[in-house]
Amino acid sequence: MNCIKTDSEIKKMRTSGRLAAEVLEMIEKYIKPNMSTEDINQICHDFIVHEKKALSACLGYHGFPKSICTSVNDVVCHGIPNKKQILQEGDIINVDITIIKNNYHGDTSKMFFIGKKSILSQRLCKVAQESLYRALKIVQPGIPLYTIGETIQNYVEENDFSVVKEYCGHGIGRNFHEEPHVLHYKNKENNIILKKGMIFTIEPMINAGSPQVKCMKDGWTVKTKDRSLSAQYEHTILVTEYGCDILTYQKNEKISPKLVNKK
Ligand code: MF3
Ligand code: CO
Ligand code: CO
C-alpha cells in the first residue's frame, strides 16, 4: 500500500483543500433561521461550479442526490439537503463539503449554530473540534495510525461523550476515499506507520449519548440511535517532515495551518 503523494499531487491537493475550505468560509453568513438545507446546498453548488469552476464530489457519488451533506442535530453524517427542512433557532448543523479540482479532492466539514447555542450543543461541538485538533497535534512521521484514534477517543470519553465507530477518516487524492482507513478510536490493527507525503482526512463524529447509529430508509442519513445530538469536524491533512499541514484550513481557525509536532 503506497499512500504517499508526489510533489505535483501535493500541489494540486493544496489547491483542492483551500477551495473546500473557502466553501465553508463563504456559507457561514447564510446559515440562519428559515433557510432550508436545500438553500444551503444550492448556494454551495453555485459557488463550487460557477465561481470556482470545480465539481462537487458528492453529487452522484454512489447515487448521492445533492452537492453537499447537511447533518442537523441528531443526524451523525450524510444528511441529504431538502427544501422542506427549515433551520430553526437552536439547531446545530454539520456542513460537509467535498470538491474536485484538477482531478484532486478536498474534503472538510464543520459545525454551525443556528441562533442561540445551548450549553450542551456548545460543549459537544467544542469537544468534537478539540478532539480533531488534539489529533492534528500528534501527527508526524513514524507514529502508528491508531495513535490518532487513541487521542480522539481518550479526550472525548474523558468529556463523557462517545465516538462513532462505523465511519472513519480516509486517504484522499484522485479518489474520494482511498487507503488508509483512519479510525477515530484505538484499534491496534490500524497500525500503518505515518510517512511524509501521506494525505488523509480525520473526521471524528461525536455523540452526546450512546455511540450507536442507525441508517435511515433513504439509504444515506445516519442518525444517533438514541436521538441524542451529534457533532463532527473534518480536515484533509498532509504529513510533513515534522508534523502536518492542514490543507483545508479556514481563515480564523484557532490552530496553526502548519503544525510542528516532532520534538
Ligand atoms: N464527505 C464525506 C466524507 O467525509 C462523504 C460524503 S459521501 C456522500 O467522507 F455521498 F454522502 F456525499
Ligand atoms: Co471525508
Ligand atoms: Co467529508
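Structural data are supplied above this passage.
A few points on the structure. Remember, predicted model here, so these are calculated numbers, not experimental data. (Residues numbered from 1 in each chain as written. Chains lettered and ligands numbered in written order. Predicted model: local features only at pLDDT ≥ 70, side-chain atom pairs only at ≥ 80, totals over all residues. Heavy atoms only, no water.)

## Considering helix α2 (residues 37–51)
Then comes step 1: Look at α2: 20 Å from first C-alpha to last across 15 residues, which is about the 21 Å you get at 1.5 Å a residue.
Then comes step 2: The complete set of buried residues in α2 reads Thr37, Glu38, Ile40, Asn41, Cys44, His45, Phe47 and Ile48.
Then comes step 3: Packed against the buried residues of α2 are α1 (7–27), β1 (55–56), β2 (69–72) and β4 (92–101).
Then comes step 4: Positive backbone phi, at 50 degrees, marks Lys53, one or two positions downstream of α2. (Helix = DSSP H or I, 4+ residues; strand = E, 2+ residues; numbered from the N terminus. Expected span 1.5 Å × (residues − 1). Buried < 20%, exposed > 50% of the residue type's maximum accessible area, 1.4 Å probe, protein only. Contact = heavy atoms within 4.5 Å.)

## Structural notes on the pattern of salt bridges
Once their charged atoms are close, side chains differing in charge can pair, the charge on each being opposite to the other.
Then comes step 1: The tally for this structure, following the rule as stated, stands at eleven salt bridges.
Then comes step 2: Among the salt bridges present, the one from Lys52 reaches Glu22, with a minimum N-O distance of 2.7 Å. Placement of the pair is Lys52 in the loop between α2 and β1 and Glu22 in helix α1, with a sequence separation of 30 residues.
Then comes step 3: For Glu22, a relative accessible area of 22% translates into the label partly exposed. (Salt bridge = Lys/Arg side-chain N within 4 Å of Asp/Glu carboxyl O.)

## Brief notes about the coordination of the cobalt ion (ligand 2)
Then comes step 1: Taken together, the protein donors to the cobalt ion (ligand 2) comprise Asp107 (OD), His170 (NE2), Glu203 (OE) and Glu234 (OE), at separations of 2.0 to 2.2 Å.
Then comes step 2: The site at the cobalt ion (ligand 2) holds six donor atoms, and with the angles between them running 51 to 161 degrees, its shape is irregular.
Then comes step 3: Written as a sequence motif, the donor arrangement for the cobalt ion (ligand 2) is D-x62-H-x32-E-x30-E. (Donors = N, O, S within 2.8 Å, 3.2 Å for Na, K, Ca; no water. Tetrahedral: all angles 85-135°; square planar, octahedral: opposite > 155°, others 65-115°.)

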